[in-house]
Each structure stands twice: as C-alpha cells, then as structure tokens.
Amino acid sequence: GTSMFILMSGQAAVSIADSKVAEVLPGQVFGEMSLLSGQPRSATVTAEVQSELLEIDRVAFKTVLNTNPAIADEIARIVAERRAQNARALESGGMVETVPAEPEGGFLGRFKAFFEIS
C-alpha cells in the first residue's frame, strides 16, 4: 500500500479472509499498516454507506515524519496494537493468524528504515 486513509464521514467494514473483523468510523484511520511497514495489505476495507476519505500518501507522510520524528514511536505502538487486534479477531472467528515475530529492531526499526528517518 502506498497510502493510508482517514474516514471523514460514513462507515466502513474491515475484513480479513472474508470475515468482518472491525468497523471504521469517522475520524479513524486505515491502510496505515501497509504504508508504514512496506508490507502487503492484510485487510480489505469496504464502505458500508456513502463515505468521504482523506488519502495520505507516502510522500506526504514522510514529510510529516521528517518534521516531527517523535511521531514514529506512537505510530509503531498503534500498528502493533492493530496487528494484535486483527489476530484476536481472526482467532475468535475460528481462524488462526500467525503474526510473524519481529526481526531485530522490530517494527519501529523497519518503519524508520522504510521512511529513511533516524
């Protein structure tokens, strides 16, 4: 994914392997996990009603990070939490997702390397 999105109005469903695992409500973001890690998207988000989105691409996001690198720590925390939520949702639906172990430096290290920040 090369963008993340903020749902400005409307409502959307988040699905993994054809199972609805969450809803996105106005003010919430989605698509951040792929944008921030460079890994393939792991969920599908589908508008349930007419919705408006704000798209933030990699270039715009990198500009924000370069202006305020401290944001990276909070974003890494949010992404780790989202991954754990997705895994729990899949497990409760009878499916088990194996969340890969983080390599040396973990998500924050990959995140900073991907966006070329120190």
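Calculation rules
- Residue positions are given per chain, counting from 1 as you read along its sequence in written order.
- In keeping with the model being predicted, local features are shown solely for residues with a pLDDT of at least 70 and side-chain atom pairs are shown and tallied solely at 80 or more, while totals for entire chains, interfaces and linings include all residues.
- Note: side-chain values were computed over all heavy atoms of the structure, leaving out hydrogens and water.
- For this analysis, a ring pair means two rings from Phe, Tyr or Trp (six-membered ring only for Trp) whose centres lie within 6.5 Å, classed as stacked if their planes differ by under 30 degrees, edge-to-face if by over 60, and tilted for the remaining angles.
- Numbering goes from the N terminus for both helices and strands, where a helix is a DSSP run of H or I of at least four residues and a strand is a run of E of at least two.
- Only protein chains enter the accessibility calculation, which uses a 1.4 Å probe; a residue whose area is less than 20% of its type maximum is buried, one above 50% is exposed, and one in between is partly exposed.
- Joining through side-chain atoms within 4.5 Å is the link that ties buried Ala, Val, Leu, Ile, Met, Phe, Trp, Tyr and Cys residues into a set, and such a set is a nonpolar core.

**Description of the packing of aromatic side chains**
The description of two aromatic rings rests on the distance between their centres and on the angle between their planes. Counted by the stated rule, this structure contains one aromatic pair. Aromatic pair Phe-5 and Phe-30: ring centres 5.4 Å apart, planes at 20 degrees, arrangement stacked. Here Phe-5 is found in strand β1 (residues 3–9), whereas its partner Phe-30 is found in strand β4 (residues 29–30), with 25 residues between them in sequence. Overall, the relative accessible area of 11% leaves Phe-30 in the buried class.

**Re the nonpolar core**
Ranked by size, the top nonpolar core spans 10 residues in total: Met-4, Ile-6, Met-33, Leu-35, Leu-36, Ile-56, Phe-61, Leu-65, Ile-75 and Val-79. For this core, the secondary structure elements donating two or more residues are β1, α1 (32–37), α2 (58–67) and α3 (71–92). Sorting elements by how many residues they give to this core places α1 first, with three residues. Counting residues in hydrophobic clusters, the runner-up holds nine residues, among them Ala-12, Ile-16, Val-24 and Leu-90.

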